[in-house]
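Residue-level structure breakdown
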Amino acid sequence: EYWPTKVRANPTQLSSFAVSFDIDGVLLQGKHCLPNASESITLLQRLAVPFIFLTNGGGMSEKAHTQRLANRLSVCLDTRQFIQSHTPFLDLIPRLQEKNVLVLGGEQSNNIREVAEGYGFKNVITASDLAAANPSIFPFSEISQEHHNKLAKPLPAGPLVIDAITVWSSPRDWGLDLQLCRDLLLSDGGLLGSISKTAGDATLHNHGFQSDTPELFFCNPDHLWPTDYKGADGQPQLRFAQGAFKAALEGIWSVETNGKAPLISRTVGKPEHETFAYANNKLQAYQKVFHGAGAPDIGSIWMFDDNPASGILGANRYERGWKSVLLETGVHVAGTVPSVQPTSIQRDVKTAMGYAFQQEG
Ligand code: G3P
């Protein structure tokens, strides 16, 4: 495996800065490389400037995602450089490892099962498991039932209690997944098929909703993201990301609760502080791994992102040393005023690199 800073043995040669790359809309558009993406990575490797990838994408293991990006960019990359939207779910392991965890999202349900099990979750239940065990749990499954039957594993015998709902990437079968979330959030302590006795009790905190139901975790707040889809005018049109699924669930929840109880959930992924703290620690740790415990901390970290509400907002809010460059190759449309002001706006990854190098002298 390759790590660029390895070539700098002398601490006086340490790079004073590092780069954090968003992927979709910065390096890739759909499956295709954006111009100068590979060259930018190769340049940082040659100059031994540390860098990581900080993406709200996911649905596969860090190793598989690193390999896929390396192939697309035709460069050599290290898994330790890679932080996906759900990488901070690793922090849930000490508490939820032995619990029944519903895992939603992923390219295929069995694929996301493997990813979650790879993190250390021992009792993973997928939407396919529930749909195959009881096809009428969602009444309009004619398009997807065969798929779920193929991917499902048998449920544990007896009544099933789900302790946590975790959304790992954009759910594929929204109807089924929304139904399951709604059912479990109204259930009696996560018992599948039950209805909570406290839900709707106006004398209770939050009107009794979600007082004894599974915890709910999301990992990607992005509402839309750039793919290779183009509209009738030939211009890219953004597609739904995981944040849109959460918005749909919030809409349903608002109806279920007569607007009296906001949906309680926890979210990681950009722009959340937890994700930036994770990325910051990871970069600083690498500095010590490759240059010894006495190596100074990295001074500035440049976040290159195309989405003002994602990497730009997160970098701006992070307390120490992060700077943000907004690129015009994805979500942000050139010439419009971004919702969050970055340190700089640049045309693409090449001009962003030039700007950062110039600022760092
Ligand atoms: O929100 C969808 C996700 O794939 C975006 O990825 O790399 O732009 O954070 P990224």
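This section reports on the structure supplied with the text.

Description of the overall build of the protein
- Regarding its fold elements, the protein presents eleven helices and 15 strands.
- Taking 361 residues into account, the globule formula puts the C-alpha radius of gyration at 21 Å, and the protein, at 22 Å, falls close to it.
- Taken along its principal axes, the extent of the C-alpha atoms in the protein is 65 × 50 × 45 Å.
- The 361 residues of the protein split such that 52% are buried.
- Nonlocal contacts in the protein, meaning residues at least 24 apart in sequence, comprise 69% of its contacts between residues at least 6 apart.
- For the protein, the distance from the average position of its 30 positive side-chain charges to the average position of its 36 negative side-chain charges is 6 Å.

Let's talk about the pattern of salt bridges
- This structure, assessed with the given rule, holds 14 salt bridges.
- Note that Glu98 is salt-bridged to Lys122, the shortest N-O span being 3.2 Å. Taken together, the residues Glu98 in the loop between helix H3 (93–96) and strand E6 (100–104) and Lys122 in the loop between helix H4 (109–119) and strand E7 (123–126) connect sequence positions 24 residues apart.
- By relative accessible area, Glu98 is classed as exposed at 53%.
- The partner of Glu274 in a salt bridge is Arg266, with the nearest N and O atoms 3.1 Å apart.
- By relative accessible area, which is 28% here, Glu274 ends up partly exposed.

Examining unusual backbone geometry
- With an omega of 10°, the peptide bond between Lys270 and Pro271 qualifies as cis.
- Its location among the elements puts Pro271 in the loop between strand E12 (266–267) and helix H9 (273–291).
- The phi dihedral of Asn206 falls on the positive side, at around 55°, and the residue is not glycine.
- Position of Asn206 among the secondary structure elements: in the loop between helix H7 (174–185) and strand E9 (215–218).
- When its relative accessible area of 14% is taken as the criterion, Asn206 is described as buried.

Considering helix H11 (residues 349–359)
- What H11 keeps buried is the set Val349, Ala352, Met353, Tyr355 and Ala356. In an axial view of H11, the angular spread of the buried residues amounts to 160°, which keeps them on one side of the axis.
- Packing partners of the buried residues in H11 comprise strand E1 (17–21), helix H1 (37–47), strand E13 (300–305), strand E14 (322–327) and strand E15 (344–346).
- Sitting at the head of H11, Asp348 places a side-chain oxygen 3.0 Å from the backbone nitrogen of Lys350.
- Looking at the residues trailing H11, positive phi occurs at Gly361, about 70°.

A look at the sheet that holds E9
- Read from one edge of the open sheet, five strands run E7-E6-E8-E9-E12, paired in parallel fashion. Taken across any chain shown, the strands that pair with only one partner, and hence form the sheet edges, are E7 and E12.
- Here four bridges tie E6 to E7, and the two strands are oriented parallel to one another. Note that in E7 the partner of Val101 across the bridge is Val124.
- On top of the sheet, H7 reaches E6, strand E8 (164–167) and E9; it is set at about 150° to E6, its chief contact.

About the thresholds
Sequence positions are assigned chain by chain, starting from 1 and proceeding in written order. Predicted model: local features are reported for residues with pLDDT of at least 70 only, side-chain atom pairs are reported and counted for 80 or more only, and whole-chain, interface and lining totals are derived from all residues. Working from all heavy atoms in the structure, the side-chain values ignore hydrogens and water. Each helix corresponds to a stretch of at least 4 residues labelled H or I by DSSP, and each strand to a stretch of at least 2 residues labelled E; elements are numbered beginning at the N terminus. What the globule rule says is 2.2 Å times the number of residues to the power 0.38, and the radius of gyration is computed from C-alpha atoms. The cut-offs for exposure are 20% and 50% of the maximum accessible area for each residue type, with area from a 1.4 Å probe on protein chains only; residues under the lower value are buried, those over the upper are exposed, and the others partly exposed. Residues count as neighbours in contact if any of their non-hydrogen atoms are within 4.5 Å of one another. Only four residue types enter the tally: Lys and Arg on the positive side, Asp and Glu on the negative side, with His and both chain ends excluded. For the purpose of locating charges, the reference atoms are NZ of Lys, CZ of Arg, CG of Asp and CD of Glu. The salt bridge definition used is simple: a Lys or Arg side-chain nitrogen within 4 Å of an Asp or Glu carboxyl oxygen. Comment: arc refers to directions from the helix axis out to C-beta atoms. Within 3.5 Å is the distance limit for a polar contact, defined as a pair of N or O atoms, with the added protein rule that one can donate a hydrogen and the other accept it, and that residues adjacent in sequence qualify only through two side-chain atoms. Strand pairing requires that DSSP identify at least two bridges connecting the strands. Axes here refer to lines fitted to C-alpha atoms; in helices the fit is confined to the stretch in contact. Angles between the N-to-C directions go from 0 to 180 degrees.

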